[in-house]
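Observations on chain architecture
Residues per chain are reported as follows:
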Amino acid sequence: MNEGRCCHQLEIIHDDILRMGTLVEEAIRDADRALSEQDLELAKSVIEGDKAIDNLERSIESDCIRILALHHPLASDLRTVTTALKVITDLERMADHATAIALIALRIGANPLIKPLVDIPRMSTLARQMVHESLDAFVSRNTELAQKVRSEDDLIDRLYSELHDELLGLIIQGTNTANAEQALNLLFVAQHLERIADHATNIAERVIYLVTGERVSS
Amino acid sequence: MMLPEPPSPLSVTVKNLTARVDKEQQLDNVSFEVAAGDTLAIVGPVNSGKSALMWAINRLLDEVPGARVEGQILVEGIDVTRISTRSLRRRVGLLIPTPLARTPLEEIGLALRGHSSEEIGEETERVLRLVGLWQEMRGRLRRPYDATDPVILRLMALARTLATSPGLLLLDDPTRGLDSIGRARFEDTVMAAMAAGTMTLIWATREPDQAGRISKNMAFLCCGKIIEMGSTESLFERPEDPRTESFLTGNYKKLLSLIGRSSSQEPSGGTIP
């Protein structure tokens, strides 16, 4: 943890990132539930909630800029501020993907699902776990946990690829346009989840930089 | 032995340099190298040994009563103790930020004792142009200049130091007490003088951000020891030693505890006048 001159301001940023992370995790969970339970009200509340996340991102960004301008942070302070700037961008993008999933839930509406959702909730659970772990790694400066998130990204990619093939099959073989459209929408959902997992991986990589000063990328 | 004449920049090698003044240790086994024409920033808190190091390199430290210097300083591979102090100090210039004379011509003349007044006149124009004072001083070379202006004073001292065409320039916290504009003017002036490639520069500073502006490489000096050395960028981004980390982040309590002093203890102030 930082102990230098910027300590207090960095703690505020740290806490705000955790608040933002909690909101993003909730958004992903609710978007997923809105989709699988066809809960349109919940989908609307996810879309509505995106504003609060955007506002928090702007406020944290302002705090980071203020520290850079006023304190010229160096060493671990510098790494903390630059990491914060990157992490909030990843969190904000995750929230956008959750919103996109909620919009798809609204688009599918009350129409019966073409198949029971199995793989999508699996992907969603793993993506949420990665988000949670990446934030945990950030809080506890835990590089081992960060490495775990990086390895989980391969699993997500595999799930996505399987789901992609399956849904593509449904689209190609299907004779029913409505089913094809729904399969396409579910493919988009899978893609959004895959992107969320990518952003969690980015955060994990920033945690490694934060702790070691080594920049890693997948 | 003689050092190469201008315009050659001079390399410096410091080996296991240890210095004491009376019983107080100023430098503790300091070693580093600066290649000819390169710049090294020595960054360290007050009382870290920056002045002692600068004074040791041009052998002024030898003249401080009670001073004992061990180890070796090589300039262009030549041990500085084998060079007469007069010729050493002509090629290894240490900026002393005090007025030594009243007029610009006298200031520059002091650095060029033994030269004709014509030579001194020519050199005065050259160095005052170099430090950006020529325009405002050209008609008043024989009149007292304003040594109460801290920026003018430092630039005049820089001109005096450059008058012997040093191949190694030593700056000991030269912008101490200047405002940001004065600091920028001084830094720009030195950088412009360095552009000719005829000097090696060692710049000691207590301000890390200054090191970031003036040098690609830095050494962190603390308690007379070089704690860490490397590219300024890498030390700023990921210092390895907790002492460097606490200095750079301004965590003075941790730094004082790491170097074994309590935070109630005020720095005693350097023993070098």
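Residues numbered from 1 in each chain as written. Chains lettered and ligands numbered in written order. Predicted model: local features only at pLDDT ≥ 70, side-chain atom pairs only at ≥ 80, totals over all residues. Heavy atoms only, no water.

**Points about the sheet that holds strand β1 (residues 12–21) of chain B**
Residues and elements named next belong to chain B.
- Here we have four strands laid out as an open sheet, ordered β2-β1-β4-β5, and antiparallel in their pairing. What marks the edges here is a single partner per strand, and that holds for β2 (24–34) and β5 (78–79).
- Bridge count between β1 and strand β4 (residues 67–75): eight bridges; the pairing is antiparallel. When the sheet's bridge partners are listed, Val-21 is paired in β4 with Ala-67.
- Seen against the sheet, helix α1 (residues 50–57) touches β1, β2 and β4 and runs at an angle of roughly 60° to β2. (Pairing = 2+ DSSP bridges. Helix = DSSP H or I, 4+ residues; strand = E, 2+ residues; numbered from the N terminus. Contact = heavy atoms within 4.5 Å. Axes fitted to C-alpha atoms, helices over the stretch in contact; angles between N-to-C directions.)

**A look at the layout of surface pockets**
Residue and element names in this part refer to chain B.
- The space that makes up the largest pocket amounts to roughly 790 Å³.
- Counting only elements with at least two residues in the lining of the largest pocket, the list comes to α2 (85–91), β6 (92–94), α3 (104–111), α4 (117–130) and α6 (150–162).
- A total of four residues in the lining of the largest pocket trace back to one element, the largest contributor, which is α2.
- Here the lining of the largest pocket is built from residues that sort into ten nonpolar, seven polar and eight charged. (1 Å grid on protein atoms, 1.4 Å probe; cavity = no way out; pocket = protein on both sides within 12 Å on 5 of 7 lines; lining within 4 Å. Points joined across faces, edges and corners; volume = space filled by probe spheres on them. Nonpolar A, V, L, I, M, F, W, Y, C, P; charged D, E, K, R; others polar.)

**A word on the side chain of Glu-107 of chain B**
Residues and elements named next belong to chain B.
- Mapped onto the fold, Glu-107 is located in helix α3.
- A relative accessible area of 0% means that Glu-107 is categorised as buried.
- Of note is the side chain of Glu-107, whose polar atom sits 2.6 Å from the side chain of Tyr-145.
- With residues up to four places along the chain from it excluded, the contact list for Glu-107 reads Pro-99, Leu-100, Ala-101, Tyr-145, Met-156 and Arg-160. (Buried < 20%, exposed > 50% of the residue type's maximum accessible area, 1.4 Å probe, protein only. Polar contact = N/O pair within 3.5 Å; in protein donor to acceptor, adjacent residues only side chain to side chain.)

**Looking at helix α1 (residues 7–36) of chain A**
- Taking 1.5 Å of rise per residue, the 30 residues of α1 of chain A would be expected to cover 44 Å, and the 43 Å separating its terminal C-alpha atoms lies within 8% of that figure.
- Backbone geometry just after α1 of chain A places Gln-38 of chain A at a positive phi near 50°. (Expected span 1.5 Å × (residues − 1).)

**Thoughts on the sheet that holds strand β3 (residues 39–43) of chain B**
All names here are of chain B.
- One open sheet holds the six strands; their spatial order is β6-β7-β8-β3-β9-β10, and the pairing between them is mixed. The sheet is open, and its two borders are formed by β6 and β10 (225–231), each paired with just one other strand. Looking at each pair of strands side by side, their axes are set apart by 15° on average, direction ignored.
- In terms of strand pairing, strand β7 (residues 168–172) meets strand β8 (residues 200–205) through five bridges, oriented parallel. By the bridge assignment, Asp-172 is partnered in β8 with Ala-204.
- Strands in contact with α1 are β3, β6, β7, β8 and β9 (217–222); relative to β7, the strand with the most contacts, it is inclined by about 155°.
- The strands touched by α6 are β6 and β7; relative to β7, the strand with the most contacts, the crossing angle is about 155°.

Geometry only, nothing functional implied.
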